[in-house]
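# Analysis of the macromolecular model
Residues per chain are reported as follows:
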Amino acid sequence: MRPVIAGNWKMHHGPQATTDYLTAFDPRPGDDGPRVLIFPPFVSLAAAVASAAEGVELGVQNVHEAPSGAFTGEVSAAMAAEAGASYALVGHSERRHVFGEGDDRIAAKTRAAVEAGLTPVVCVGEQLEERKEGRLEEVLLRQLDAALDVLDPGTPWILAYEPVWAIGTGETATPADAAEAHGILGRRLEARGFAREAVPILYGGSVKPGNAAELLAAEGVDGVLVGGACLEPGSFTQIVEAGRQA
Ligand code: PGA
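Below is a short write-up of the structure. (Residues numbered from 1 in each chain as written. Predicted model: local features only at pLDDT ≥ 70, side-chain atom pairs only at ≥ 80, totals over all residues. Heavy atoms only, no water.)

## Describing the site of the ligand
Here is the rule we go by: One heavy atom within 4 Å of a molecule or strand is enough for the residue carrying it to be called near that molecule or strand. Pairing of N or O atoms within 3.5 Å defines a polar contact, subject to two protein rules: one partner must be a possible hydrogen donor and the other a possible acceptor, and residues neighboring in sequence count only if both atoms are side-chain atoms. Per-residue and other accessible areas were derived by the Shrake-Rupley procedure at a 1.4 Å probe size, with only the shown protein chains allowed to occlude residues.
Among the 13 residues in the neighbourhood of the ligand, the closest are listed as Lys10, His92, Glu162, Gly168 and Ser206. Between the ligand and lysine 10 there is a distance of 2.8 Å, counted from an oxygen atom to a side-chain nitrogen or oxygen. Between the ligand and glycine 228 there is a distance of 2.8 Å, counted from an oxygen atom to a backbone nitrogen or oxygen. Relative to its unbound accessible surface of 290 Å², the ligand loses 95% to contact with the protein.

Given below as structure tokens:
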């Protein structure tokens, strides 16, 4: 499987910073290199479309589940697709835990993304307390099952394992932690009729140039979803290079 190297800019980089970044960022992924995905803020998507190098694919960080309507401040999946996005992050831990989105809402967003022609990148992950209580598998499978209920095995999509305790904390899961969680997720995919090789599973949580290669080498890790370390093109390029060697 081609590794997937994805960068989530979160609430960073307006249109001018986006143009500056993407003018400097040309990792030339090529057909035999990794897939490279960038998720800028909505307002920077047009600037990203205008300046992304060939082979760099774009997505949005969130979508609303309705196609249109009286939802002040929200953006639908169809609008994001029309504006040039090909992917949508769904269920990122900040959406779950800062904005209170539950499994049903995330499933509805996943369905809306697929219906609009976007490839959803569905994020799952346990909180520290849940891990300490021995509930890793229960939490991951509950979150995954909610998404699988609205997906079908022929639909292109990506899954991301992001332990909440490792996001933005500098605390990284070990390759063994990642392999364990990816194993749990991969076995459930197969049990539910999804071909494992059709669904890349990314690891996310404090990935940086210094640990990307070992995480990408872990069993069942098909790519990485990067936050802080993708905000600067030089550092993200190093992670793309780790993906090329994987
Ligand atoms: P981080 O964020 O790399 O800054 O930990 C990852 C993410 O939130 O996707």
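Still to come is the rest of the account.
## Here's the deal with the environment of glutamate 180
Rule in force here: In this text, helices come from DSSP runs of H or I with a minimum length of four residues, and strands from runs of E with a minimum of two, each type numbered from the N-terminal end.
On the secondary structure map, glutamate 180 appears in helix α8 (residues 175-191). Separated by 39 residues in the primary sequence, glutamate 180 and glutamate 219 place their C-alpha atoms 8.4 Å from one another.

## Brief notes about the pattern of salt bridges
As a reminder, the rule being used: Here a salt bridge means any side-chain nitrogen of Lys or Arg lying within 4 Å of a carboxyl oxygen belonging to Asp or Glu. Exposed residues in this analysis have more than 50% of their type's maximum accessible area, buried residues have under 20%, and partly exposed residues fall in between, with area computed by a 1.4 Å probe over protein chains only.
Applying the stated criterion to the full structure yields 16 salt bridges. Lysine 109 serves as the salt-bridge partner of glutamate 101, at 2.8 Å between the closest nitrogen and oxygen. Of the residues examined, glutamate 101 reaches a relative accessible area of 5% and is grouped as buried. When its relative accessible area of 1% is taken as the criterion, lysine 109 is described as buried. A salt bridge links aspartate 177 to arginine 131, with the nearest nitrogen and oxygen atoms 3.9 Å apart. With aspartate 177 in helix α8 and arginine 131 in helix α6 (residues 128-132), the pair connects residues that are 46 residues apart, well separated along the chain. Aspartate 177 gets classed as buried once you look at its relative accessible area, which sits at 19%. A cluster of three or more residues bridged by salt bridges with shared partners is formed by Asp145, Asp149, Arg188 and Arg192.

## Some details on the nonpolar core
The condition is simple: Residues grouped as a nonpolar core are buried Ala, Val, Leu, Ile, Met, Phe, Trp, Tyr and Cys residues, joined through side-chain atoms within 4.5 Å. Should any heavy atoms of two residues lie within 4.5 Å, those residues are counted as being in contact.
In terms of nonpolar packing, the biggest core is built from 61 residues, with Phe25, Ile38, Trp157, Leu159, Leu189, Tyr203 and Phe236 touching the most fellow members. Beyond its immediate stretch of four places on either side in the chain, leucine 189 contacts Leu144, Leu148, Trp157, Leu159, Phe194, Arg196, Val199 and Ile201. Of all hydrophobic cores here, the second largest spans 12 residues; its members include Leu37, Leu89, Val121 and Cys123.

## Observations concerning the pairing of strand β5 (residues 119-124)
Put simply, the rule reads: Two strands are counted as paired when DSSP detects at least two bridges linking them.
Within β5, 6 of the 6 residues are buried, which leaves the element mostly enclosed by the surrounding structure. Side-chain alternation along β5 places Thr119, Val121 and Cys123 on one buried face and Pro120, Val122 and Val124 on a second face that is also buried. As defined by bridge partners, strand β4 (residues 87-90) adjoins β5 across 4 bridges and the pair is classed as parallel. Pairing of leucine 89 across the sheet is with valine 121, part of β5.

## Looking at the side chain of arginine 96
Inspection of the secondary structure puts arginine 96 in helix α4 (residues 93-97). Residue classification places arginine 96 among the buried residues on the basis of a relative accessible area of 8%. With sequence-adjacent residues up to four places away left out, arginine 96 is seen in contact with Gly91, Glu101, Asp103, Ile106, Cys123, Val124 and Gln143.

## A short note on the packing of helix α7 (residues 136-148) against α8
Selection criterion: Every axis in this analysis is a line fitted to C-alpha atoms, fitted for helices over the stretch in contact. Angles between the N-to-C directions lie between 0 and 180 degrees. To sort the angles, those under 35 degrees are grouped as roughly parallel, those over 145 as roughly antiparallel, those from 65 to 115 as roughly perpendicular, and the leftovers as oblique. The crossing is said to be left-handed when, going from far helix to near helix, the turn is anticlockwise and less than a right angle, and right-handed when the turn is clockwise. Each residue receives one of three labels: charged for Asp, Glu, Lys and Arg, nonpolar for Ala, Val, Leu, Ile, Met, Phe, Trp, Tyr, Cys and Pro, and polar for the others, Gly being one of them.
Running from amino to carboxyl end, α7 crosses α8 at an angle of 40 degrees, the nearest separation of the two axes being 10 Å. Our classification of the angle between α7 and α8 gives oblique. Crossing of α7 against α8: the hand is right-handed. For the pair α7 and α8, the contacting residues are Leu136, Glu137, Leu140, Leu141, Leu144, Asp145 and Leu148 in the first and Glu180, Ala181, Ile184, Leu185, Arg188 and Leu189 in the second. When the residues that make up the contact of α7 with α8 are grouped by side-chain class, the tally is 9 nonpolar, no polar and 4 charged.

## Here's the deal with the side chain of asparagine 62
Mapped onto the elements, asparagine 62 comes out in the loop between β3 (56-60) and α3 (77-82). Among the polar contacts made by the side chain of asparagine 62, one reaches the side chain of lysine 109 at a distance of 2.8 Å. What asparagine 62 contacts, discounting residues up to four positions off in sequence, is Phe42, Glu74, Leu89, Arg95, Glu101 and Lys109.

## Some thoughts on unusual backbone geometry
Unlike most non-glycine residues, lysine 10 shows phi in positive territory, near 50 degrees. Considering the arrangement of structural elements, one finds lysine 10 in the loop between β1 (4-8) and α1 (15-24). Even without being glycine, serine 206 reaches a positive phi, approximately 55 degrees. In this structure, serine 206 sits in the loop between β7 (201-204) and α9 (212-216).

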